Amino acid sequence: MLVSAKEMLTKAKAGKYAVGQFNINNLEWTKAILLTAEELKSPVILGVSEGAGKYMCGYTTVVGMVNGMINELGITVPVALHLDHGSYEGAKKCIEAGFSSVMFDGSHYPIEENIEKTKELVAICEEKGLSLEAEVGSIGGEEDGVVGAGECADPNECKMIADLGVTMLAAGIGNIHGKYPANWAGLSFETLDAIQQLTGDMPLVLHGGTGIPADMIAKAISLGVSKINVNTECQLAFAAATREYIEAGKDLQGKGFDPRKLLAPGFEAIKATVKEKMELFGSVGKA
Ligand code: 13P
C-alpha cells in the first residue's frame, strides 16, 4: 500500500538521514527501485514528473502499475508515490488518480501567488492524508539554459511557505537539475543553515541529487535535508549499461534482442545506483 511521505521524512529529519526520491520512467525503473528498497529495508519515494506521467500513459496508469508491483513483488517497506514539480492542475489530477504525495512547484510565481496556491493544496492534502512538497527559489538546470550556480531561496520566504503546513520544503541552495557544470559554485550551506534556523523541524528537500559529492550530501543532511531527489544519475547508468551491451554485440547473439535480455543490464545499473545512493543517504535499514 502506498503511504504519505510524512512519517518517513519526520523520522529521517529526527534521525539525521535522508530518504531518496528516485524518478521513474517505465516498468523497469519502477521495479528496480522498489526491489532495491526492499532488499535494503529502506523507505523510498517514487518521483513522477508531469512529462514522465504523460509518457507512462497518465497518472492512473502509473498508480495501477505501482500498486500492482507493490502487491506482486511483496514490497513491505514504506513507498510514497509522489508528483515531482507539479503544476497546480497536475497536483489535483494526481490526488484524484491515487498518488500518496504531491509537489506543487510554485517557485516561478510571485511569492504571494505561490502562498495562495500552496495554501489551497495544503487543505486538500490534509483532508486526504497526503504529503505535500512546496518549493521556494527555483532550481535551474542545463535544460533551462542555466549554467553555474542555481538560485538561492530567501529564508524568510521559506518560513512563510513552511508555516502554511506543508509536509516538506524544497529550497534552492545553489543546486540544479542534471549534470553539474565544471564551474559550479557548490551548495550554499549558509543559505541552508539560515533556512533551517527559521523552519525548525520542517524536512528540507534537496533537488538535483545527481553528481553532488558525498561530503556535500553529508553536510546537507546535517543541516536538515531529509529528502534527496535523484533522476539523471539513474538515466546515465541505464544508458551506459545498455550501450555496453549493444557495443559488445550481445543483442546479436542468440536471443539477445529479447527486451527482457536487452534491458537487463540497464535494470541492474539502476539497482546499483539506487543502492549506492541509499547507502550514502543513510536510509538503509530504516524501514
Ligand atoms: P537530477 O536529475 O539532477 O538528479 O535531479 C532530480 C530532481 O531533482 C527531480 O526533481
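Keep in mind the model is a prediction, meaning the values are calculated, not measured.

Here is what the cut-offs are and how they apply
Residue positions are counted from 1 within each chain, in the order its sequence is given. Only residues with pLDDT of at least 70 get local features here, since the model is predicted, and only at 80 or more are side-chain atom pairs given and counted; chain-wide, interface and lining totals rely on the full set of residues. In computing side-chain properties, one takes all heavy atoms of the structure into account and sets aside hydrogens as well as water. For the purposes of this entry, the term helix denotes a DSSP run of H or I that reaches at least four residues, the term strand denotes a run of E that reaches at least two, and both are numbered from the N terminus. Using C-alpha atoms as the atom set, the radius of gyration is obtained and then compared with a globule rule of 2.2 Å times the number of residues to the power 0.38. Relative accessible area decides the class of each residue, using a 1.4 Å probe on protein chains only: under 20% of the type maximum gives buried, over 50% gives exposed, and in between gives partly exposed. Two residues qualify as a contact provided that any one of their heavy atoms is within 4.5 Å of a heavy atom in the partner residue. Reported accessibility uses the Shrake-Rupley method at a 1.4 Å probe radius. Residues are deemed covered only where the shown protein chains occlude them. For each residue, the test is whether any non-hydrogen atom lies within 4 Å of the molecule or strand; if one does, the residue is near. Polar contact is the term for a pair of N or O atoms within 3.5 Å; when the atoms are in protein, one must be able to donate a hydrogen and the other to accept it, and sequence-neighboring residues count only if both atoms are side-chain atoms. By the convention adopted, Pro, Cys, Tyr, Trp, Phe, Met, Ile, Leu, Val and Ala count as nonpolar, Lys, Arg, Asp and Glu as charged, and the other residues, Gly among them, as polar.

**Student:** Summarise the overall build of the protein; cite the residues concerned and give the values.
**Tutor:** For the protein, the helix and strand inventory stands at 12 helices and eight strands. For 287 residues, the compact-globule estimate of 2.2 N^0.38 gives 19 Å, and the C-alpha radius of gyration of the protein, at 18 Å, lies within 12% of that figure. Dimensions of the protein, computed from C-alpha atoms along their principal axes, come out at roughly 60 × 45 × 35 Å. Of all 287 residues assigned to the protein, the portion counted as buried reaches 56%. Sequence separation of at least 24 residues holds for 73% of the intrachain contacts in the protein that already meet a minimum separation of 6. Split by element, the accessible area of the protein, about 12,400 Å² in all, is 53% carbon and sulfur.

**Student:** Before we move on, can you summarise unusual backbone geometry with the specific residues and values?
**Tutor:** Even without being a glycine, K16 presents a positive backbone phi close to 55°. Topologically, K16 is positioned in the loop between helix 1 (6-15) and strand 1 (19-23).

**Student:** I'd like to hear about the site of the ligand, residue by residue, with values.
**Tutor:** Around the ligand, the surrounding shell holds 13 residues, and the nearest of these are D84, G178, G208, T210 and T232. Between the ligand and the protein, one listed contact pairs an oxygen atom with a side-chain N or O atom of H85 at 3.3 Å. Measuring from an oxygen atom of the ligand, one finds a backbone N or O atom of N231 at 2.9 Å. Taking 300 Å² as the accessible area of the ligand by itself, protein coverage stands at 97%. For the shell around the ligand, the secondary structure elements donating two or more residues are strand 3 (79-86) and strand 8 (225-230). Within the shell around the ligand, the residues separate by chemical class into one nonpolar, 11 polar and one charged.

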